[in-house]
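So the chains spell out like this:
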Amino acid sequence: MQIKKTLYLILTACLSFILFSCSSEKNEPKLTSNITDEVKKAGIELISENCSGCHIASKQGSFSRISAIRKTPEGWDMNIVRMMIFHGVEIEKSDRRKLVKYLSDTQGLAPSETAGFRDILERKHNVIEPTEDQDLMNMCARCHTYTRVALQRRDVNEWQNLVHMHLGQWASIEYHMLARERDWRADALGSVSEKLAKKYPFETEAWNEWQKTPWKDMSGEWRIIGHIAGTGDIEGTMSISKAQGNDQYKTSFTLNFPKGEKVTGGGKALVYSGYEWRGTAKLNDVKYRQIWAASSDGNSMKGRFFKKSNPEEGIEITALRKQDTVHTIMSVTPSSLATRTETEITINGINLSGDVHIEGTKITVKSQTPDRIVILATAESTPDQSSKVTIGKSTYDKAFPIYKAVDYIKITPEYGISRVGGGGGATAKVKAQFEAIGYLNGKDGVKGTKDDIRLGMVFVTWSHENFNEDAAKMQDKKYAGILTKRGTFIPAIAGPNPVRKYGTNNVGDLRIIAVYEKNGVKLTAEAHLIATVQRWNNPPIP
Ligand code: HEC
Ligand code: HEC
């Protein structure tokens, strides 16, 4: 115990050095009319009360370290939780929420600064981060995602302070694989901190401009379209009304899910940094969360609607504000047309009016409202072309391919992970969702080249097999879980399984197989699934 205490004191002394070693006055946050003086005063009071014991206050109202960094709402919340776990900070839940809000509004990220890194923020499962700089990935993305790094803005001294924190907290950081073959400490404090400060500096034109941009009133009538992987497209409407101030709203939804399923519900939302829409809603009694971003003009939103209990299960959505002057086609379902059969196609949008026209097809309109047009289409001319969809004066901004037969299919993700869970344990099962996409080879007739044409989701028969001999010996297929008709892998229950060899967990190494059959064409595709163990630590930005 005594040794533990001494170690803690040494560590705290080291960290305090990190804390006070930088002056923050030059990074005074600049506030605009989006944030009233009252809100500003309340925010500074909260920091004074909860943080200024360790973070020195300046006369101008800034605090050492705190005022020198910009982050997302999730980044700020994780930071405060870290202060609680590492440094014993005690803060009321409601104060923590208010502080995250204040810090995100005054020291957040501009829309363009988060644009390339939203997948992980939106809790998309089984995505592989873009590798723009392999060395940075080796240095900073082997314990957590690179998104965690790329969604922060600091100057070089603050990137260095962060490296010092890592070295102090996780002393083995220098001896891990990919670290011990180099002088990790020198590189992290030197070239890596410099590179990060150039890529992600505290002061940016984007944030300065964004702070001058008045926050938009999000209330109004909205049209939503979306996609559920493996299942199909959704569409519907959303009403947003003001609840309080310029950032709190109430929502209600009327949605049409695939196979005619009607889904309704409502909830509330809070907007951070003027565009980061965070909402909760109940849809047909299932709790959902929303992590969306509004466009800078406040007329569109994009993001994910996902189940609170299972963030991996979600809908990727686009929402557009209904305006009299807007006539837009938002989605066409299905997204391509086969030549031989008459196909029912639903076109969703805003203020759709006029004749429906799809190049190379004969059309009969079944029903037509300003929101939605249902047609029966038969292809008449040259297949394998990317056709255009127009309604009156509106043209759909995506190509609508007409094809004779699918050339090949691909499964997404090609490499997936599921996790055991449930069974009264602390973590829920994490499912893996697969989807088969049809393609044409394109003009060059070669599969997998740039000119290939994506046809959209195709219905396939799903099955799974042991990935290799080792998996077969362990009977992974039998124990790891089941694969549904919609390509959802539902992992088995957590905990040791007494009937398995060594009484091991229900983990497995599996091959996922999709078979597509239509008009005598048979196509297959494969993916790899690792059915693995729980993840115990699930921070908002993994
Ligand atoms: C008991 C002392 C203590 C209190 C109280 C405290 N902090 Fe800290 N804070 C530290 C220390 C030590 C560090 C440097 C080491 C680290 O990052 O963990 C730090 C670092 C930070 C950093 C820099 C983190 C980074 O990403 O590099 C921020 C921002 C921060 N604190 C915010 C806060 C906020 C907000 C509060 C109030 C809710 C708070 N702290 C309260 C001790 C404290
Ligand atoms: C040895 C594993 C490891 C490596 C390597 C690593 N990190 Fe971390 N990092 C962590 C852990 C653990 C946390 C704290 C997680 C938490 O509090 O949830 C963290 C937290 C962070 C945070 C959030 C801090 C805050 O309070 O906002 C940032 C940003 C970050 N790391 C950036 C980096 C950068 C930049 C590098 C490369 C120089 C790096 N990490 C390398 C393990 C690592």
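Definitions and cut-offs
- Residues numbered from 1 in each chain as written.
- Chains lettered and ligands numbered in written order.
- Predicted model: local features only at pLDDT ≥ 70, side-chain atom pairs only at ≥ 80, totals over all residues.
- Heavy atoms only, no water.
- Near = heavy atom within 4 Å.
- Polar contact = N/O pair within 3.5 Å; in protein donor to acceptor, adjacent residues only side chain to side chain.
- Nonpolar A, V, L, I, M, F, W, Y, C, P; charged D, E, K, R; others polar.
- Pairing = 2+ DSSP bridges.
- Helix = DSSP H or I, 4+ residues; strand = E, 2+ residues; numbered from the N terminus.
- Expected span 1.5 Å × (residues − 1).
- Buried < 20%, exposed > 50% of the residue type's maximum accessible area, 1.4 Å probe, protein only.
- Salt bridge = Lys/Arg side-chain N within 4 Å of Asp/Glu carboxyl O.
- Donors = N, O, S within 2.8 Å, 3.2 Å for Na, K, Ca; no water.
- Tetrahedral: all angles 85-135°; square planar, octahedral: opposite > 155°, others 65-115°.
- 1 Å grid on protein atoms, 1.4 Å probe; cavity = no way out; pocket = protein on both sides within 12 Å on 5 of 7 lines; lining within 4 Å.
- Points joined across faces, edges and corners; volume = space filled by probe spheres on them.

The next subject is the site of ligand 2. Close to ligand 2 lie 17 residues, the nearest being Lys71, Cys140, Cys143, His144 and His166. Measuring from an oxygen atom of ligand 2, one finds a side-chain N or O atom of Gln152 at 2.9 Å. The side chain of His166 places a nitrogen or oxygen atom 2.8 Å from a nitrogen atom of ligand 2. The class makeup of the residues in the shell around ligand 2 is eight nonpolar, five polar and four charged.

This paragraph deals with the sheet that holds strand E17 (residues 385-387). Taken in spatial order, the three strands line up as E12-E20-E17 in an open sheet, and their pairing is mixed. For this open sheet the edge positions go to strand E12 (337-338) and E17, each flanked by a neighbour on one side alone.

Taking 1.5 Å as the rise per residue, helix H9 (residues 156-169) with 14 residues should run 20 Å; its terminal C-alpha atoms sit 20 Å apart, in good agreement. For H9, the set of buried residues is Glu158, Trp159, Asn161, Leu162, Val163, Met165, His166 and Leu167.

This next bit is on the site of ligand 1. Taken together, 20 residues lie near ligand 1, and Cys51, Cys54, His55, Met83 and Arg154 sit nearest. Between a nitrogen atom of ligand 1 and a side-chain N or O atom of His55, the distance comes to 2.7 Å. Residue Arg154 places a side-chain N or O atom 2.6 Å away from an oxygen atom belonging to ligand 1. If you list the elements that add at least two residues to the shell around ligand 1, you get helix H1 (2-20), helix H3 (73-87) and H9. The biggest single contributor to the shell around ligand 1 is H3, with five residues. Of the residues assigned to the shell around ligand 1, the class counts are twelve nonpolar, four polar and four charged.

Turning to the pattern of salt bridges, a few remarks are in order. Scanning all chains against the criterion turns up 31 salt bridges. In this structure, Arg96 and Asp77 form a salt bridge, with 2.8 Å as the shortest nitrogen-oxygen distance. Taken as a pair, Arg96 in helix H4 (residues 93-106) and Asp77 in helix H3 lie far apart in primary sequence, 19 residues in all. For Arg154, the salt bridge identified is with Glu158, shortest N-O distance 3.7 Å.

Within the protein, His144 (NE2) and His166 (NE2) serve as the donor atoms for the iron atom of ligand 2, at 1.9 to 2.0 Å. With six donor atoms in place around the iron atom of ligand 2 and angles of 86 to 180° between them, the coordination shape is octahedral. One end of the pair, His144, is in the loop between helix H7 (134-140) and helix H8 (147-150); the other, His166, is in helix H9, with 22 residues separating them in the sequence.

Turning to unusual backbone geometry, a few remarks are in order. Of note, the amide linkage connecting Thr333 to Pro334 takes the cis form, showing an omega dihedral of -5°. Position of Pro334 among the secondary structure elements: in the loop between strand E11 (328-333) and E12. Following Thr412, the chain continues into Pro413 via a peptide bond in cis, with omega recorded as -10°. Counting through the fold element by element, Pro413 comes out in the loop between strand E21 (408-412) and strand E22 (415-419). Even without being glycine, Ser273 reaches a positive phi, approximately 50°. Structurally, the position occupied by Ser273 is in the loop between strand E6 (261-272) and strand E7 (276-283).

Glancing now at empty space enclosed by the protein. Evaluation of the coordinates by the stated rule reveals four cavities of 30 Å³ or more. Empty space within the second largest cavity amounts to approximately 50 Å³. Forming the walls of the second largest cavity are ten residues, and the residues nearest its centre are Ile47, Gly61, Ser67, Tyr102 and Gln107. Sorting the residues of the lining of the second largest cavity by element identifies helix H2 (37-50) and H4 as the ones contributing at least two each. Looking at side-chain class alone, the lining of the second largest cavity contains seven nonpolar, three polar and no charged residues.

Moving on, we get to the coordination of the iron atom of ligand 1. Tetrahedral coordination by four donors sets the ideal angle at the metal to 109.5 degrees; octahedral coordination by six donors sets it to 90 or 180 degrees. For the iron atom of ligand 1, the protein coordination sphere consists of His55 (NE2) and Met83 (SD), at 2.0 to 2.3 Å. One can describe the donor arrangement at the iron atom of ligand 1 as octahedral, given that its six donor atoms subtend angles of 86 to 179° at the metal. Here His55 is found in the loop between H2 and strand E1 (70-71), whereas its partner Met83 is found in helix H3, with 28 residues between them in sequence. Judged by its relative accessible area of 17%, Met83 falls in the buried class.

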